[in-house]
Amino acid sequence: MKTIHKLIIGYLTVILLIGVVGYFLTYPTEKTLRESIGQEYASLAKEILDKIDRHIHGRIEIFEEYSNNSMLQIILEKANQDFDKLEDVQGYITSKDREWISAPKGAKTHFMKAIISSDLSEDLREKIEFYRAKYHKRTFGEVFVTNKYGANVAQTGRTSDYRQDDEDWWQLARRDGLCVRDVEYDESADIYSTDIGLRINDANGNFLGIMKVVLNIEEAINIIQEAKRIPKYSTVQFNLISNDGKIIYSTSEFKRFEGLSDKIFPHMLCEKGDSEGYCLVDGDGSEEKEKLIATGHSKGYGEYAGLGWRLMAINETQIVFAPVVNLKNRLLTVLIMATLGGTLISLLISKTVSDGIRKLSNAVAKIGEGNLDVHIDIKTRDEIGQLACSFNKMAEDLKRAVLVKDIEIAERKRAEKALRKSEDKFRSLSRELTTGLSDVFEALQKISSGDPSVRITETSGLELIADLKRTVNQTAENLSDIVDLSHEIAIGLAEHFDTLDRVTKGNLDARIKSNTGVELLESLKRVTNTMIQSVSQEIDQRMLAEEHLLKAKEEAEAASQAKGDFLANMSHEIRTPLNAVIGMTELTLGTELTDEQQEYLETVGASSESLLRLLNDILDFSKIEAGQLEMTGVDFDLQTTLDNVVDTLAVRAQKAGLELTCSIKPDVRTTLVGDPLRLGQIIVNLTANAIKFTQEGQVNISVETQKEEDSSTFLYFTVSDTGIGIPPNQIETIFESFKQADDSTTRKYGGTGLGLAISKQLVEMMGGRIWVESELGKGSTFHFTARFQLSEREAIEVLQTKDLPIQKAPRQLSMLIVEDNPVNQKVAATMLKKRGHRVVMASDGKEALGALDRESVDLILMDIQMPEMDGFQATKLIREREKAKGGHIPIVAMTAHALTGDRERCLAAGMDSYISKPIREADLFSVTENLANGSDEEEKDVLAPSETVMPVARGCI
């Protein structure tokens, strides 16, 4: 039986089995479904009331905390003491109360104004306004405070009377500590509210007075409205009912404080005597439909006992139980339609499966025949589609491997061909030399043997010598592109040419003696053979040297790769714990500390910063050695760059008791094109060294123009100090790597010896040079020049003040932190929570994917190196999900990798930005909030933490 037939039979069998079982299971499950839906509605009512109780309790807590305010207690103690001095306290309160009540409505007497305008009243009004702005509504109607005798001491507005001890809420609050009254309309505040009475005690528990707070219930009603906005409950009628059966709020046509209808009220207890649950109410035979009524009862929260409110959720059973009824009605229809359409669907599915298998089979056969261009066009997302994708990838990899192999073979053949060509050329030239000299040797042989038929004349002798010279010189010239003739061979040839000249010119009519000719011939042969042998040896040595150079090149490339891997791992392993040290130190410094703790933590922070600077110097030096450090060309303002340098180092200079100055000559062009970051790095290195090696006096930075061209300018910088100076024998070595003027094991000053070496490389990359002048004990002056392009755009107006800009408070964000290190998790989470953001944690990429299934987040902070699933794999899967479902969650790489190419790797993997460890609060907030708020400003790499300085006098003039 074919596969397609098996699939059809199997599919139809499953459809029929599911249909029959489902049809017979509908009846026993209907009752269970109805009970489940009823319980769901009852739980909904209870959940809404619990939220309302928690809301009211939260508002009570605000003023419970305020009741412990020292200013409030001091004012009440003073008011009670003043009243204790009165001879007739009650008489005084009664007279003031009559005066208060008799005042015209809305008018304020002098006595009222004195109370309303007091410091405590003003503080209470500010508190009310604060929560109005925070929750965007009038949360509290009014607040007033009485002393222990019940007389008003402070109030946010005009109350109806002066005396409060005759009110039941006042007495209950004094007795129980807390009194919460049922909802009513507050005419003075024009809100529906509930009154809260709080007892105020001193530190010893003695009664001082009562605070009354009028709480707006509109926030509680918003909780009901939020539930109503859920599509699933859009048809539900919610009724919030008071303890005496009056409607506080209804989503239907009822008005507030109406009584419940006779049809609904009896079911408020669901006919079971219980205050919670659900029941069904039959219709009256007219248009009234059967209803499901679910109720929940308020039981309070914490020490708050609740108001006994009830919430009724009412909906028509026709709507509520529609899924159950439709299930029965549709099951049979679906079963019939599924059976009829099953055959067609199974045919289509089976054909799709069999076609995919057939395509795979044909493709495998073509691969076996050697056709590597085969491609399977299957775009389904099932296993066959995945198999096809894997097969296509395999074919591409195989084709690429074959292509690479062909290229390697072609290169090898090309090299072999070039070598054979070189050898052939050498052999050809050797043959030419041998052939050219053979005629000369033959003539010399005849002459030296005394052949009487051969006589040499001046003309023939000169021609013979000329032919010999021409042949040898031409051969040597042809061989010059292979190897130079040695000095010994050249001298030997010249001597023999001179001998031939003398023989020819001295014996024009005589025969050359036999022994002379033979000696000359043998000597010339020896020189010629030596030349040929030398050429051959030179070629062999050159080929061997080329092989050694190629091997050395491969070993150097492998060593460079190993060095890069080592630096990348070193950076990650150091930055990961360093992130925790700096982050926790920064967070701890933001808490209340003793002077001794503050000093210890500042020492830890300074040491961490030194370690981070060391790590950054090593990475920069590695980039320079590898030729990977690149200069950018952006518009920047020289004045701003130098101001930033002075701002960064001002506190350090101030702590050292030094004067730090900076000056720019008036003719210096400040709107330039270049790399401000690297320029600042040079000046920071030189200035930090000057501060470190100067105990008293000053450090000065100055800039002037060296020369200008049409589109560029050369600037001349100096950094001078009044420090210890540099010994003359050390001046030439201080710009070398890992060199310092004092390199002894007991040296006083720290450092790696890389700062000046890096500065020298950066200056040379800017087209300038750096040098130093120093006198031991009197100070040093570092000079350097740099070339910059002139900007074509207008210079941006320089700000005249250094005030920090006022920033808007960031909106609360929900962020997912994916980090396997528990300490780094705590550091990042604490920073974000202090900012007011919500944090979700995950320890690896797999947990992050699970968290995204459960929660909605605004931004993801993603570590790179993690167990189970790393940051790159997790980012890839998240982006694939977004392609299928839509949307885009910003992802910020949060990693200890800080080498060249790490940022590009993160962005290429689908991440939106990059921040390196150790992480600082300012950098973290800037990157995350800009991305989450859709900022169009260009995100910048955060490769080192920013430095916070105190507001002291600074700047470059």
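Basis of the calculations
- Residues numbered from 1 in each chain as written.
- Predicted model: local features only at pLDDT ≥ 70, side-chain atom pairs only at ≥ 80, totals over all residues.
- Heavy atoms only, no water.
- Salt bridge = Lys/Arg side-chain N within 4 Å of Asp/Glu carboxyl O.
- Helix = DSSP H or I, 4+ residues; strand = E, 2+ residues; numbered from the N terminus.
- Buried < 20%, exposed > 50% of the residue type's maximum accessible area, 1.4 Å probe, protein only.
- Pairing = 2+ DSSP bridges.
- Expected span 1.5 Å × (residues − 1).
- Contact = heavy atoms within 4.5 Å.
- Polar contact = N/O pair within 3.5 Å; in protein donor to acceptor, adjacent residues only side chain to side chain.
- Axes fitted to C-alpha atoms, helices over the stretch in contact; angles between N-to-C directions.

A. Structural view of the pattern of salt bridges. Counted according to the given criterion, the structure contains 22 salt bridges. In this structure, the salt-bridge partner of Glu-47 is Lys-51, at a minimum N-O distance of 4.0 Å. With Glu-47 and Lys-51 both in helix α1 (residues 3-66) and four residues apart, this pair spans about one turn of that helix. Judged by relative accessible area, Lys-51 falls into the partly exposed class, the value being 36%. Across the salt bridge formed by Glu-929 and Arg-835, the nearest N and O atoms sit 2.8 Å from each other. On the criterion of sequence distance, the pair formed by Glu-929 in helix α22 (residues 921-932) and Arg-835 in the loop between α18 (822-834) and β20 (838-842) is long-range, its members being 94 residues apart. Among the charged side chains, a network of salt bridges with common partners joins Arg-879, Glu-882 and Asp-912.

B. Seen up close, the pairing of strand β11 (residues 310-316). When you tally the buried positions in β11, you get six out of seven residues, the bulk of the element. With five bridges connecting them, strand β7 (residues 237-241) and β11 associate as antiparallel partners. Opposite Asn-239, over in β11, you have Met-312 as the bridge partner. As paired strands, strand β10 (residues 291-297) and β11 are joined by seven bridges and run antiparallel to one another. Residue pairing for β11: Ala-294 is matched across the bridge by Ala-313.

C. Here's a closer look at helix α20 (residues 871-885). Its 15 residues place the ends of α20 21 Å apart at the C-alpha level, agreeing with the 21 Å of an ideal helix rising 1.5 Å per residue. Packed against the buried residues of α20 are α19 (845-854), β21 (859-862), β22 (891-895) and α21 (902-908). For α20, the N-terminal cap is Asp-870; the gap from its side-chain oxygen to the backbone nitrogen of Phe-872 is 3.2 Å. Directly after α20, the chain includes Gly-886, whose backbone phi takes a positive value near 90 degrees.

D. Just the sheet that holds β20, in detail. Overall, parallel pairing links the five strands, which are arranged β20-β19-β21-β22-β23 in an open sheet. Only two strands of the sheet have a single partner each, and these edge strands are β20 and β23 (913-916). Each adjacent strand pair in this sheet contributes to an overall mean axis angle of 20 degrees, direction not counted. Of the pairings in the sheet, the one linking strand β19 (residues 814-818) to β21 comprises four bridges and is parallel in character. Its bridge partner being in β21, Met-815 is matched across the sheet by Leu-859. Strands β19, β20 and β21 of the sheet are contacted by α18, whose axis makes an angle of about 165 degrees with β20. Against the sheet, α19 makes contact with β19, β20 and β21, and its axis sits at roughly 160 degrees relative to β19, the strand it touches most.

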